[in-house]
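Structural features, examined
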Amino acid sequence: GKDGQSIHIDSAKYETQKSNNSHIDAEDGKIQIDVPADAAGEDLAVDVRPPSFHKMPAVSLTGYPIEIIAAGKDTGTNVKKFQKPITIKIKYDKERIFGKNEGDLMVYWYNEEDYDWYPLPTIVDLESQTLTAESDHLTVFDYKATSWQAYSPPTVDDFKVSDFTGAATYALDVWTPPAPGGL
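Residues numbered from 1 in each chain as written. Predicted model: local features only at pLDDT ≥ 70, side-chain atom pairs only at ≥ 80, totals over all residues. Heavy atoms only, no water.

**Points about the sheet that holds strand β6 (residues 81-91)**
Read from one edge to the other, the open sheet built from 5 strands follows the order β2-β3-β6-β10-β9, with strand pairing classed as antiparallel. Of all the strands in the sheet, the pair left with one neighbour each is β2 (22-26) and β9 (122-125). Shown here is a sheet whose adjacent strand axes are inclined to one another by a mean of 20 degrees, direction ignored. Of the strand pairs in this sheet, strand β3 (residues 31-35) and β6 are connected by 4 bridges, and their pairing is antiparallel. Note that in β6 the partner of isoleucine 31 across the bridge is isoleucine 90. (Pairing = 2+ DSSP bridges. Helix = DSSP H or I, 4+ residues; strand = E, 2+ residues; numbered from the N terminus. Axes fitted to C-alpha atoms, helices over the stretch in contact; angles between N-to-C directions.)

In structure tokens, the structure reads:
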């Protein structure tokens, strides 16, 4: 809906049960999601898909981001936050990392408020070519070698990582010339 509280999932491809651990196998096994019991307050209808047009990030990492959406099966209410973190496992494609070191790969989440990507602590399994990360919320996800940000100015002065979500944030002082009237 327009208020952002309810969403419509045409045909829920996946379902979770509130009181049970739930496993979702999506995109022919390329995306796996584990939702622990009591992570959500109700049974969920879940979809895993390319981002909808208005959610598509301006800058994509691999060019193939995924959006995970969930709604209460009975209420239709959009569920974006969880009481316990969910586990997201993404099978990566060597063709999409452009020769970067596989060990540097991380799962990133897209923040719609500041239009930027933030890394999640990620376990890389070179043998199965999978990336495993935990998140307490749903949004658009993608992956990239951590070195990609080294080529993106500005310089990171104060870099902080959230203990729970792994969201990376930084502050940067920017000098501006004085304006008329002392502003």
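**Observations regarding the sheet that holds strand β7 (residues 105-111)**
The strand order β1-β4-β5-β11-β7-β8 describes an open sheet built from 6 strands, whose pairing is antiparallel. In the strand order of this sheet, the two ends are held by β1 (14-16) and β8 (116-120), each with one partner. This sheet shows a mean twist of 35 degrees between the axes of neighbouring strands, independent of strand direction. Summarising the sheet, β1 and strand β4 (residues 44-49) pair through 3 bridges and their orientation is antiparallel. By the bridge assignment, glutamate 15 is partnered in β4 with alanine 45.

**Here's the deal with the side chain of threonine 122**
Its place among the elements puts threonine 122 in strand β9. One polar contact links the side chain of threonine 122 to the main-chain amide nitrogen of valine 107, over a distance of 2.9 Å. Within the structure, threonine 122 has its side chain in polar contact with the backbone oxygen of leucine 120 (distance 2.6 Å). (Polar contact = N/O pair within 3.5 Å; in protein donor to acceptor, adjacent residues only side chain to side chain.)

**So, the pattern of salt bridges**
Oppositely charged side chains may form a pair once their charged atoms are brought near each other. For the coordinates displayed, the defined rule picks out 8 salt bridges. One salt bridge connects glutamate 67 with lysine 55, and the closest N-O pair in it is separated by 3.2 Å. Here glutamate 67, found in strand β5 (residues 66-72), pairs with lysine 55, found in the loop between β4 and β5; they are 12 residues apart in sequence, far enough to count as distant. Comparing glutamate 67 with lysine 55 shows no difference in burial state: the two are buried. (Salt bridge = Lys/Arg side-chain N within 4 Å of Asp/Glu carboxyl O. Buried < 20%, exposed > 50% of the residue type's maximum accessible area, 1.4 Å probe, protein only.)

**Regarding empty space enclosed by the protein**
Per the counting criterion, the structure on display carries 2 cavities of 30 Å³ or more. Each pocket or cavity is described by its volume, and for the largest cavity that value is around 50 Å³. In terms of lining residues, the largest cavity is bounded by Thr16, Ile24, Ile33, Val35, Leu44, Val46, Ile68, Ala70, Phe82, Ile86 and Leu138. Classifying every residue of the lining of the largest cavity gives 10 nonpolar, 1 polar and no charged. (1 Å grid on protein atoms, 1.4 Å probe; cavity = no way out; pocket = protein on both sides within 12 Å on 5 of 7 lines; lining within 4 Å. Points joined across faces, edges and corners; volume = space filled by probe spheres on them. Nonpolar A, V, L, I, M, F, W, Y, C, P; charged D, E, K, R; others polar.)

**A closer look at the pairing of strand β11 (residues 140-145)**
A large share of β11 lies buried, amounting to 6 of its 6 residues. Residues Val140, Asp142 and Lys144 of β11 are buried on one face, and the alternating residues Phe141, Tyr143 and Ala145, pointing to the opposite face, are buried as well. Sheet topology places β5 next to β11; 2 bridges connect them, and they run antiparallel. Counted as the bridge partner of glutamate 67 is valine 140 from β11. Bridging between β7 and β11 involves 5 bridges; their strand directions are antiparallel. Considered in β11, the bridge of methionine 106 is made with lysine 144.

**Regarding the environment of leucine 61**
Checked against the element boundaries, leucine 61 lands in the loop between β4 and β5. Leucine 61 gets classed as buried once you look at its relative accessible area, which sits at 5%. Considering only alpha carbons, one finds leucine 61 and arginine 96, 35 residues apart in sequence, at a separation of 9.0 Å.

This is a description of form; function is not addressed.
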